[in-house]
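# Architecture at a glance
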Amino acid sequence: MAMTQTISPARSAPAAEAAVPALDLDNVTCTFRTPGAKASYTAVKEATLRIADGEFVSVVGPTGCGKSTLLNVSAGLLQPSSGTVRVYGEELVGMNRKAGYMFQAESLMPWRSALDNVVVGLEYQGVPRAEAEARGQDWLKRVGLGAHGHRYPHQMSGGMRKRAALAQTLIMNPRIILMDEPFSALDIQTRQLMENELLDIWSADRKSVLFITHDLEEAIALSDRVVVLSAGPGTHPIGEFVIDLPRPRDVSEIRLTPQFVQLHDQIWHTMKEEVLKGYVQSQNK
Amino acid sequence: MSKVRTSSGGIAGMPSAVLQIPILAVLIGSWYGLTETNVLPKFFFGEPFKVFGVIWAWFLSGEIFPHLGVTLLETVLAFLFGSGLGLAVGLWLALSPTASRLADPYIKAANAMPRVVLAPIFAVWFGLGVWSKVALGVTLVFFIVFFNVYQGIREVSPVLLANARVLGANAAQLLRTVYLPSATSWVFSSLHTSVGMAFVGAVVGEYLGSSRGVGYLILQAEGVFDINTVFAGMLVLTAFALVLDQVVAIVEKRLLVWRPTHGETEKM
Ligand SMILES: Nc1ncnc2c1ncn2[C@@H]1O[C@H](COP(=O)(O)OP(=O)(O)OP(=O)(O)O)[C@@H](O)[C@H]1O
Ligand SMILES: [Mg+2]
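Let me begin by describing the structure that accompanies this report. (Residues numbered from 1 in each chain as written. Chains lettered and ligands numbered in written order. Predicted model: local features only at pLDDT ≥ 70, side-chain atom pairs only at ≥ 80, totals over all residues. Heavy atoms only, no water.)

## So, the pairing of strand E9 (residues 225-229) of chain A
Residues and elements named next belong to chain A. What counts, and what does not: Relative accessibility decides the category of a residue: with a 1.4 Å probe and only protein chains considered, values under 20% of the type maximum give buried, values over 50% give exposed, and everything between is partly exposed. Note on conventions: DSSP H or I runs of at least 4 residues are helices, E runs of at least 2 residues are strands, and numbering of each starts at the N terminus. Two strands make a pair as long as DSSP finds a minimum of two bridges between them.
Of all five residues that make up E9, five are buried, and the element is covered over most of its length. Side chains Arg-225, Val-227 and Leu-229 project from E9 onto one buried face, and the interleaved Val-226 and Val-228 project onto a second face that is buried too. With four bridges connecting them, strand E3 (residues 56-60) and E9 associate as parallel partners. Note on E9: the bridge partner recorded for Val-59 is Val-227.

And the structure:
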């Protein structure tokens, strides 16, 4: 089987021929101390994860294992208890300015229309209003919301809000894109449209993507590499799989190829046990 | 509260008006009946037709308008200063845990104090003009807005904040685009109460010592036991408060378009 148990930290050798990774989580541990609770909870333990420049990596793992936590660390929103985060070789202090982050939870400002939400990042950069609006309108069209720019979040469906959030993140043209289950609220057809759109955007200028999902099929269809996390507590990667399916891909067609099915079986075999463990753990908590 | 949503046809609104107007008629009718037959002494309870006569004369001669104007001015100023101050202090204390910990007992004490007892002090400090009433109104409005803003800021969604920071907001931009809009939405949600309080402050202030305003008219009439004028003043104030409330409702509707309201479908 083409899998490596616990990614061996091939450190020390100064990054032989490979370029510096876009994102490098090295031995990251995150311990939460909840006020009131007796014990602290170690969500992520000694996790090492590397995203090469231009690579599309998906992370799958049982619910509550610490996927969002890893993304928060990558975005610079959460300081790990120990371990280091490097962004293009530089140790991360404060916010990760090279990354865009699409959150799992609702993140649009309810008092701004879709268009005003999409351009808010440009506004922070001081881009003139007219230019920002033109670019915002363009992005709204790309995510299929061209006619809905005036709507407030409460006037949009869950899927529309997700698409607006996607435009809000991508308009900033980040070199690293962090995405936390971005498409799980979409119906299967819209979802495949958005996945293809994401692949288009990604392949156009090869951004580095760290993509989190529950859906193993989605992970395989999109990625260069799929990383499987163990169940919590003390989550860490337990396996990684190189997805050598040819590109460009069409996410709806590729699911039918025998190669895809074989990869799916292989990864699922590793995941199954952890998913069960995660389920039991979440019940005992 | 008669917050019945009248649909575009107006038919759904009809039954409540049809029922409400007779109630008013019955109330005024029994007032008239009871005082006319001297079951209730006219000296203490007034006579409805004389009361309406006073109101009529006030509006016909235009005598009432300067007084209404003063009361309105006091209300508006008290509301503006009170909310501005409440917003600023609420933001400051919510964003600075140390300041909030230090100020906490004082805020609680100040809020627990019956503010009306301050009126004589304000009269001494600011004179009998507009400003002593404004000051009283401010002390009433401030706390409503302050507590709303404080709570609102504390409950700003952490995801919204994180998202704004990821998109590159600095501290000032975070304040302007996340904290302030969510704080003002809390100010608006307390708009009816705080405008009402500003009005109470103005009228009570006038009543306790003034030279103009509708409260002053009531005070004057009371001094000479002219009960009909007292009632007339009360009715004018009530009508005025209702108008004010309507204006607030319109402003609120315009400013909070982004707020979800239940059942926004259009009737065919
Ligand atoms: N701020 C926090 N304080 C305490 N515990 C936390 C905090 N954030 C996360 N946790 C805990 O850490 C664990 C991992 O949380 P995380 O949100 O990363 O899970 P996840 O893998 O994204 O789950 P899901 O797939 O359901 O989104 C959970 O058990 C959660 O309870
Ligand atoms: Mg999550």
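## Structural notes on the packing of aromatic side chains
As a reminder of what qualifies: In this scheme Phe, Tyr and Trp rings, the latter by its six-membered ring, pair at centre separations within 6.5 Å, and the angle between planes marks the pair as stacked below 30 degrees, edge-to-face above 60, and tilted otherwise.
Counted according to the given criterion, the structure contains 20 aromatic pairs over all chains. Taking 5.9 Å as the distance between ring centres and 75° as the angle between the ring planes, the aromatic pair formed by Trp-111 of chain A and Trp-258 of chain B counts as edge-to-face. On the criterion of chain membership, the pair formed by Trp-111 of chain A in the loop between strand E6 (99-102) and helix H2 (114-118) and Trp-258 of chain B in the segment after helix H12 (227-255) is interchain, its members lying in two chains. Trp-258 of chain B shares its class with Trp-111 of chain A; the two are buried. Note on Phe-183 of chain A and Phe-211 of chain A: the rings are 6.0 Å apart at their centroids and 50° apart in plane angle, and the pair reads as tilted. With a gap of 28 residues between them, Phe-183 of chain A in the loop between strand E7 (176-180) and helix H6 (188-205) and Phe-211 of chain A in strand E8 (residues 208-213) connect regions that are remote in the sequence. Comparing Phe-183 of chain A with Phe-211 of chain A, the two get one shared label, buried. Members of the aromatic cluster, each reached through a chain of ring pairs, are Phe-142, Phe-143, Phe-146, Phe-147 and Tyr-150 of chain B.

## Regarding the pairing of strand E1 (residues 23-32) of chain A
Residues and elements named next belong to chain A. The element E1 is extensively covered by neighbouring structure, given that seven of its ten residues are classed as buried. Alignment of E1 against strand E2 (residues 41-51), held across seven bridges, turns out to be antiparallel. In the sheet register, Asp-24 faces E2, and the bridge partner there is Arg-50. Looking at chain direction, E1 and strand E4 (residues 82-87) are connected through five bridges and run antiparallel. Bridge pairing in E4 places Leu-25 opposite Val-85.

## Quick look at the interface of chain A and chain B
For interface size, the figure often reported is the accessible area lost on association. Condition: Only heavy atoms matter for contacts: two residues are in contact if any of them lie within 4.5 Å across the pair. Buried area: the accessible surface (1.4 Å probe) lost by two parts on joining, summed over both. We call two N or O atoms a polar contact when they sit within 3.5 Å, provided that within protein one can donate a hydrogen and the other can accept it, with sequence-adjacent residues counted only if both atoms are side-chain atoms. Residues are grouped as follows: Ala, Val, Leu, Ile, Met, Phe, Trp, Tyr, Cys and Pro are nonpolar; Asp, Glu, Lys and Arg are charged; all remaining types, including Gly, are polar.
With 23 residues of chain A at the interface, the matching set in chain B holds 21 residues. Summed over the three residues of chain A that lose the most area to chain B, namely Trp-111, Tyr-124 and His-154 of chain A, the buried surface amounts to 38% of that side. The interface formed by chain A and chain B includes seven residue pairs in polar contact (both at pLDDT 80 or more). Elements supplying a minimum of two residues to the side of chain A that touches chain B: E6 and helix H3 (120-125) of chain A. Residues belonging to the side of chain A that touches chain B are distributed by class as follows: 14 nonpolar, five polar and four charged.

## Observations regarding the nonpolar core
Threshold: By convention a nonpolar core is built from buried Ala, Val, Leu, Ile, Met, Phe, Trp, Tyr and Cys residues, the set being connected through side-chain atoms within 4.5 Å. What fixes the domain bounds is an automatic or database domain assignment.
Of all hydrophobic cores here, the largest spans 113 residues; its most connected members are Ile-220 of chain A together with Val-178 of chain B. When we break this core down by domain, the ones giving at least three residues each are domain 1 (2-98 + 176-283) and domain 2 (107-173) of chain A. In contact with Val-178 of chain B, other than residues within four places in its own chain, are Met-109, Trp-111 and Tyr-124 of chain A together with Val-156, Leu-161, Ala-164 and Gln-173 of chain B.

## Observations concerning the coordination of the magnesium ion (ligand 2)
Residue and element names in this part refer to chain A. Note the threshold: For Na, K and Ca the donor cut-off is 3.2 Å; for every other metal, N, O and S atoms count as donors within 2.8 Å. Water does not enter the count, which can leave sites looking incomplete.
The coordination sphere of the magnesium ion (ligand 2) contains the protein donors Ser-68 (OG) and Gln-104 (OE1), at a distance range of 1.9 to 2.2 Å. Here the residue Ser-68 occupies a position in helix H1 (residues 67-75), and Gln-104 occupies one in the loop between E6 and H2, the gap between them amounting to 36 residues. A relative accessible area of 24% places Ser-68 in the partly exposed class. Owing to a relative accessible area of 39%, Gln-104 belongs among the partly exposed residues under this scheme.

## So, the sheet that holds E1 of chain A
All names here are of chain A. In spatial order, the strands read E2-E1-E4-E5; together these four strands make up an open sheet with antiparallel pairing. At either margin of the open sheet sits one strand with a lone partner, and together these are E2 and strand E5 (90-91). Where E4 lies against E5, two bridges are found, and the strand directions are antiparallel. Opposite Arg-86, over in E5, you have Glu-91 as the bridge partner.

## Some points on the sheet that holds E8 of chain A
In sheet architecture, strand pairing relies on hydrogen bonds along the backbone and comes in two forms, parallel and antiparallel. Residue and element names in this part refer to chain A. Rule in force here: Here an axis means a line fitted to C-alpha atoms, over the contact stretch when the element is a helix, while the angle between two N-to-C directions is reported on a 0 to 180 degree scale.
Sheet architecture is open: six strands sit in the order E6-E7-E8-E3-E9-E10, paired in mixed fashion. Single-partner strands in this sheet number two, and they are E6 and strand E10 (237-242). On average, each strand axis in the sheet is inclined to that of its neighbour by 15°, with strand direction left out of account. Direction of pairing for E7 relative to E8: parallel, over a ladder of five bridges. Bridge pairing in E8 places Ile-176 opposite Ser-208.

## Let's talk about a nonpolar patch on the surface
Residue and element names in this part refer to chain B. As a reminder, the rule being used: What goes into a patch is any residue over 30% in relative accessible area without a salt bridge, connected to like charges within 9 Å or, for nonpolar side chains (Val, Leu, Ile, Met, Phe, Trp, Tyr), within 5 Å. Using a 1.4 Å probe, the Shrake-Rupley method yields the accessible areas, and only the shown protein chains count as cover for residues. We count a salt bridge whenever a side-chain nitrogen from Lys or Arg sits within 4 Å of a carboxyl oxygen from Asp or Glu.
The grouping of Phe-81, Ile-121, Val-124, Trp-125, Phe-126 and Trp-131 at the surface amounts to a nonpolar patch, some 700 Å² of accessible area in total. A total of four residues in the nonpolar patch trace back to one element, the largest contributor, which is helix H6 (residues 119-126). Within the element layout of this structure, Phe-126 appears in helix H6. Take Phe-126: its relative accessible area is 42%, and that puts it in the partly exposed class.

## Some words on the environment of Arg-163 of chain A
Residue and element names in this part refer to chain A. As for its placement among the helices and strands, Arg-163 is situated in helix H5 (residues 158-170). Spatially, the C-alpha atoms of Arg-163 and Trp-139 are 9.9 Å apart, while their sequence positions differ by 24 residues. Apart from residues lying up to four places away in sequence, Arg-163 is in contact with Val-143, Gly-144, Leu-145, Thr-190 and Met-194.

## Structural notes on H1 of chain A
Burial analysis of H1 of chain A places seven of its nine residues in the buried class, which makes it a mostly covered element. In the stretch just after H1 of chain A, Gly-76 of chain A is the one whose phi turns positive, near 85°.

## Comments concerning the pattern of salt bridges
With the rule as written, the count across this model stands at 22 salt bridges over all chains. Close ionic contact of Glu-47 of chain B with Lys-42 of chain B constitutes a salt bridge, the shortest N to O distance being 4.0 Å.

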